[in-house]
Amino acid sequence: MNTVLFCIPLKNGCLNQYQAFAKQTTQRDEEYKDMLLRYDIHCAKVWHKNINDRDYVFVYHEVGEKFREKMTGWDTSTHPFDKWFRENMMAVYDIENAAGMQEPQQLVDFKT
């Protein structure tokens, strides 16, 4: 299983809106699970951190081998839940569009 981690800045004053969106997402658990599996995502964890008066979320996924291939259509998906999720996400993320969520480059992977 591979992992990916995104660090995403939130728009100013949107932390409460993000938390409400996260709660709604997990309450729609069957739809959320279906979406994750369609994109070969097997685990989703999110953290929040305020750094220098700026809110960030850290999104961690355990992903399968087809994750990157399946994610190529994420930003144009017409699936109703994908559209709802993307619209709510873009309302709080301080990035131009969903395609702007490039996967960061991993620098260290050390295991004992």
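Here is a short report on the structure shown in this document. A quick note: this is a predicted structure, and the numbers were derived from the prediction, not measured. (Residues numbered from 1 in each chain as written. Predicted model: local features only at pLDDT ≥ 70, side-chain atom pairs only at ≥ 80, totals over all residues. Heavy atoms only, no water.)

**Examining the layout of surface pockets**
In this structure, the second largest pocket encloses a volume near 210 Å³. As for the second largest pocket, its lining consists of T3, V4, L5, Y60, E103, P104, Q105 and Q106. Grouping the amino acids of the lining of the second largest pocket by side-chain chemistry returns four nonpolar, three polar and one charged. (1 Å grid on protein atoms, 1.4 Å probe; cavity = no way out; pocket = protein on both sides within 12 Å on 5 of 7 lines; lining within 4 Å. Points joined across faces, edges and corners; volume = space filled by probe spheres on them. Nonpolar A, V, L, I, M, F, W, Y, C, P; charged D, E, K, R; others polar.)

**Remarks on the state of the cysteines**
Inspection of the entire model under this criterion finds zero disulfides. Unpaired in this structure, C7 has its nearest cysteine sulfur neighbour in C14, at a distance of 16 Å. The partly exposed category is assigned to C7, whose relative accessible area is 44%. The exposure class assigned to C14 is buried, which follows from its relative accessible area of 10%. (Disulfide = S-S within 2.5 Å. Buried < 20%, exposed > 50% of the residue type's maximum accessible area, 1.4 Å probe, protein only.)

**A closer look at the pattern of salt bridges**
Summed over the entire model, instances satisfying the criterion amount to five salt bridges. Salt-bridge contacts for R38 lead to D82; the nearest nitrogen and oxygen are separated by 3.0 Å. Pair noted here: R38 is in helix 2 (residues 29–38) and D82 is in helix 4 (residues 80–92), with a separation of 44 residues, a long-range link. The class for R38 is partly exposed, based on a relative accessible area of 26%. D82 sits in the buried class, given a relative accessible area of 0%. K111 serves as the salt-bridge partner of D109, at 4.0 Å between the closest nitrogen and oxygen. Residue K111 is classed as exposed on the basis of its relative accessible area, which comes to 67%. (Salt bridge = Lys/Arg side-chain N within 4 Å of Asp/Glu carboxyl O. Helix = DSSP H or I, 4+ residues; strand = E, 2+ residues; numbered from the N terminus.)

**Here's the deal with the sheet that holds strand 1 (residues 2–9)**
Strand order across the open sheet formed by three strands is 1-3-2, with antiparallel pairing between neighbours. In this open sheet, the two edge strands, each paired with only one partner strand, are strand 1 and strand 2 (41–51). Strand-to-strand, the axes of this sheet are offset by a mean angle of 15°, without reference to chain direction. Of the strand pairs in this sheet, strand 2 and strand 3 (residues 54–63) are connected by 10 bridges, and their pairing is antiparallel. (Pairing = 2+ DSSP bridges. Axes fitted to C-alpha atoms, helices over the stretch in contact; angles between N-to-C directions.)

Nothing here speaks to function; it is all geometry.
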